[in-house]
Amino acid sequence: MDNYEAIQVLHNSLPPFSPYVPASLLPSIALILLASTFVLAFYFSTLPKDTFPLRETAVASLASVLGGFGVVALFCSAGVNV
């Protein structure tokens, strides 16, 4: 039990968790990321079809990453901490 009590004392002495990004900024971050996702999706749909789709792949990948982070920021701002 000494080991458990030592760990419990250590746990109680640690500072509480504080996120790098303040929770008050999450709705704005989600709005910016999701809006840019929709803009890039529209841009992707208007691109000419190339034989080597490097630009299409880059735009689609960027939109996917921004959409993923935007959804996580939206969930966290709504209280669903993922």
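Please refer to the structure higher up on the page.
Reading guide: rules and limits
- Residues numbered from 1 in each chain as written.
- Predicted model: local features only at pLDDT ≥ 70, side-chain atom pairs only at ≥ 80, totals over all residues.
- Heavy atoms only, no water.
- Axes fitted to C-alpha atoms, helices over the stretch in contact; angles between N-to-C directions.
- Helix = DSSP H or I, 4+ residues; strand = E, 2+ residues; numbered from the N terminus.
- Parallel < 35°, antiparallel > 145°, perpendicular 65-115°, else oblique.
- Left-handed = near helix turned anticlockwise from the far one by under 90°.
- Nonpolar A, V, L, I, M, F, W, Y, C, P; charged D, E, K, R; others polar.
- Buried < 20%, exposed > 50% of the residue type's maximum accessible area, 1.4 Å probe, protein only.
- Lys, Arg positive; Asp, Glu negative; His and termini not counted.
- Salt bridge = Lys/Arg side-chain N within 4 Å of Asp/Glu carboxyl O.
- Contact = heavy atoms within 4.5 Å.
- Expected span 1.5 Å × (residues − 1).
- Patch = residues over 30% accessible without salt bridge, like charges linked within 9 Å, V, L, I, M, F, W, Y side chains within 5 Å.
- Areas by Shrake-Rupley, 256 points an atom, 1.4 Å probe, with all protein chains shown as cover.
- Phe/Tyr/Trp six-rings, centres within 6.5 Å; stacked < 30°, edge-to-face > 60°.
- Lys NZ or Arg CZ within 6 Å of the ring centre and 35° of its normal.
- Arc of directions from axis to C-beta.

1. Topic: the packing of helix H2 (residues 26-46) against helix H3 (residues 54-77)
Contact geometry for H2 and H3: axes closest at 8 Å, N-to-C directions at 155°. It follows that H2 is roughly antiparallel to H3 by the angle criterion. H2 and H3 meet at a crossing whose hand is left-handed. Partitioned by chemical class, the residues of the contact of H2 with H3 number 19 nonpolar, five polar and two charged.

2. Observations concerning the side chain of Glu56
In this fold, Glu56 is placed in helix H3. Buried charge Glu56 goes without a salt bridge, the closest partner of opposite sign being Lys49 at 4.5 Å. The contact partners of Glu56, leaving out residues within four places of it in the chain, are Phe44, Leu47, Pro48, Lys49 and Asp50.

3. Examining H3
The terminal C-alpha atoms of H3, which comprises 24 residues, lie 34 Å apart, in line with the 34 Å expected from a rise of 1.5 Å per residue. Every buried residue of H3 is listed here: Glu56, Val59, Ala63, Leu66, Gly67, Gly70 and Ala73. Buried residues in H3 make contact with H2. Gly79 occupies a position one or two residues after H3 and carries a positive phi of about 100°.

4. Here we look at a nonpolar patch on the surface
A contiguous nonpolar patch, built from Val71, Val72, Leu74, Phe75, Val80 and Val82 and spanning about 500 Å² of accessible area, is present on the exposed surface. As for its position among the elements, Val80 is in the segment after H3.

5. Some remarks on the packing of aromatic side chains
Aromatic rings in a pair are described by how distant their centres are and how their planes are angled relative to each other. One pass over the structure, following the stated rule, counts zero aromatic pairs. The ring of Phe44 is capped by Lys49, whose NZ or CZ atom sits 5.6 Å from the centre of that ring.

6. So, H2
Between its first and last C-alpha, H2 extends 30 Å over 21 residues, near the 30 Å set by a 1.5 Å rise per residue. For H2, the set of buried residues is Leu26, Ala30, Leu33, Leu34, Thr37 and Leu40. One side of H2 carries all its buried residues, which in axial view fall inside an arc of 120°. Residues of H2 that are exposed and angled more than 90 degrees away from the buried face: Leu31, Ile32, Phe38, Val39 and Phe42. On its buried face, H2 sits against H3.

By themselves these figures say nothing about function.
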